[in-house]
Amino acid sequence: MFRTKRSVLVRRLWRSRAPGGEEEEEAAAGEPGAAAAVAEPRAYLGGGRGCCPGKASRGGRAAAGAEAELKALTHAVLKRLKERQLEGLLHAVESRGGARTPCLLLPAKADSRLGQHWYPLPVLLCKVFRWPDLRHCSEVKRLCCCESYGKAHSELVCCNPHHLSRLCELESPPPPYSRYPMDFLKPTDCPDSVPSSTETGGTNCLAPGGLSDSQVLQEPGDRSHWCVVAYWEEKTRVGRLYSVQEPSLDIFYDLPQGNGFCLGQLNSDNKSQLVQKVRSKIGYGIQLTKEVDGVWVYNRSSYPIFIKSATLDNPDSRTLLVHKVFPGFSIKAFDYEKAYTLQRPNDHEFTQQPWTGFTVQISFVKGWGQCYTRQFISSCPCWLEVIFNNR
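Below: a short report on this structure.

Reading the values: the criteria
- Residues numbered from 1 in each chain as written.
- Predicted model: local features only at pLDDT ≥ 70, side-chain atom pairs only at ≥ 80, totals over all residues.
- Heavy atoms only, no water.
- Patch = residues over 30% accessible without salt bridge, like charges linked within 9 Å, V, L, I, M, F, W, Y side chains within 5 Å.
- Areas by Shrake-Rupley, 256 points an atom, 1.4 Å probe, with all protein chains shown as cover.
- Salt bridge = Lys/Arg side-chain N within 4 Å of Asp/Glu carboxyl O.
- Lys, Arg positive; Asp, Glu negative; His and termini not counted.
- Charge placed at Lys NZ, Arg CZ, Asp CG, Glu CD.
- Helix = DSSP H or I, 4+ residues; strand = E, 2+ residues; numbered from the N terminus.
- Buried < 20%, exposed > 50% of the residue type's maximum accessible area, 1.4 Å probe, protein only.
- Pairing = 2+ DSSP bridges.
- Axes fitted to C-alpha atoms, helices over the stretch in contact; angles between N-to-C directions.
- Phe/Tyr/Trp six-rings, centres within 6.5 Å; stacked < 30°, edge-to-face > 60°.
- Lys NZ or Arg CZ within 6 Å of the ring centre and 35° of its normal.

**What about a positive patch on the surface?**
Now for step 1: Among the surface-exposed residues, R3, R11, R15 and K71 lie close enough to one another that they form a single positively charged patch.
Now for step 2: In this fold, K71 is placed in helix α5 (residues 60-79).
Now for step 3: With a relative accessible area of 39%, K71 lands in the partly exposed category.

See below:
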């Protein structure tokens, strides 16, 4: 019997669904936060571990019934799509969001019932192809590349699961990844300055410790860029500073159809095996986006990233934390309004690493702070320093 092209596409899509749905559903019901911890390693690292590996086997019949219901519902939704839409969705799913794919526009009011719950189509397709534990549209955020971005009321909504990211919830109470007393704050030395590289010349204000080449170029009226990015391997900066003018920037090591800051093209003299190993794991990297409410970081890679930003913390907190962001998750890494209310620390602990109120530090794969062997980001194999233009 000959299969039609349409049936082949549907079959390939079903085979490309996110694994491990049953463990995540039970973990989500039992322990908040446990589901994400299970879903991400399975979906992105290809692993087979879960919080409670034995649960699915004990509920074999229930799991089989849920799988059959999900399959029937998914096939019913896919039948509504045109062949070209199926091809675009398959391309997005199989490339894990690495390729540029068109929006999948479907009626905004169309919901589908799964078990006792009704799900909007974007949430349902995200459950099938990315996050089996996803339950509500409030848990996801649209990426700026999507046609539905910023549109609250529209007859059609994009259901491409790789045009959305999972919202990262900050830990409460947060773990002590790193500690920096907020009592030791004073005004910055260069309040009206624009960060830049020594390679561009100008009047400089060095960051504490001298590890950072992020310096300050005072040129009145210079609004050409909203941030610059420095890539570091341990204590050595690799390549020139990357100036960012576009609202969105992809920073990656290897990305299909990638356009942005390609770390794989930088010449590095670092012979460390750990550095080389981490470099190879950066993969799709991150997406840095300047939006109305601040700057967002979307983890496109297959491994966690770690972020430290003064604006991520509660103003009443006595600590600055390093936050872990899983693959597929987004976090608002920088808030301009909040940053203007902060001041720079004048404590000896801060002289051990670069820090400024208008800087965000991001490490790939390996974290730093009190819970890690690396106390400072300058000990991380591969990391970024994002310096924002405060004009």
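The discussion continues.
**Some remarks on the sheet that holds strand β15 (residues 294-299)**
Now for step 1: Here seven strands make up an open sheet; going across it, the order is β4-β6-β18-β15-β14-β12-β13 and the pairing mixed. With partners counted over all chains shown, the strands left at the sheet margins are β4 (140-142) and β13 (260-262), one partner each. On average, each strand axis in the sheet is inclined to that of its neighbour by 30°, with strand direction left out of account.
Now for step 2: By the bridge criterion, four bridges tie β15 to strand β18 (residues 329-334) in an arrangement that is antiparallel. Across the sheet, the residue bridging to Y298 is S330, located in β18.

**Regarding the packing of aromatic side chains**
Now for step 1: In this structure the tally under the stated criterion is 10 aromatic pairs.
Now for step 2: Put simply, the rings of W226, F334, Y336, Y340, F358 and F388 pair up and form one aromatic cluster.
Now for step 3: Positioned above the aromatic ring of Y284, the side-chain terminus of R96 is 4.9 Å from the ring centre.
Now for step 4: Above the face of the W296 ring, K141 is positioned so that its terminal group lies 4.7 Å from the ring centre.

**Observations regarding the pattern of salt bridges**
Now for step 1: The final tally for this structure, using the stated rule, is 10 salt bridges.
Now for step 2: Ionic pairing is found between R17 and E67, a salt bridge with its closest N-O pair at 2.6 Å. With R17 in the loop between α1 (5-15) and α2 (21-30) and E67 in helix α5, this pair connects stretches of sequence that are 50 residues apart.
Now for step 3: Residue E67 is classed as partly exposed on the basis of its relative accessible area, which comes to 24%.
Now for step 4: Here R300 and D250 are joined by a salt bridge, their closest N and O atoms 2.9 Å apart. On the criterion of sequence distance, the pair formed by R300 in the loop between β15 and β16 (305-308) and D250 in strand β12 (residues 248-252) is long-range, its members being 50 residues apart.
Now for step 5: Residue class for D250 comes out buried when judged on its relative accessible area of 13%.

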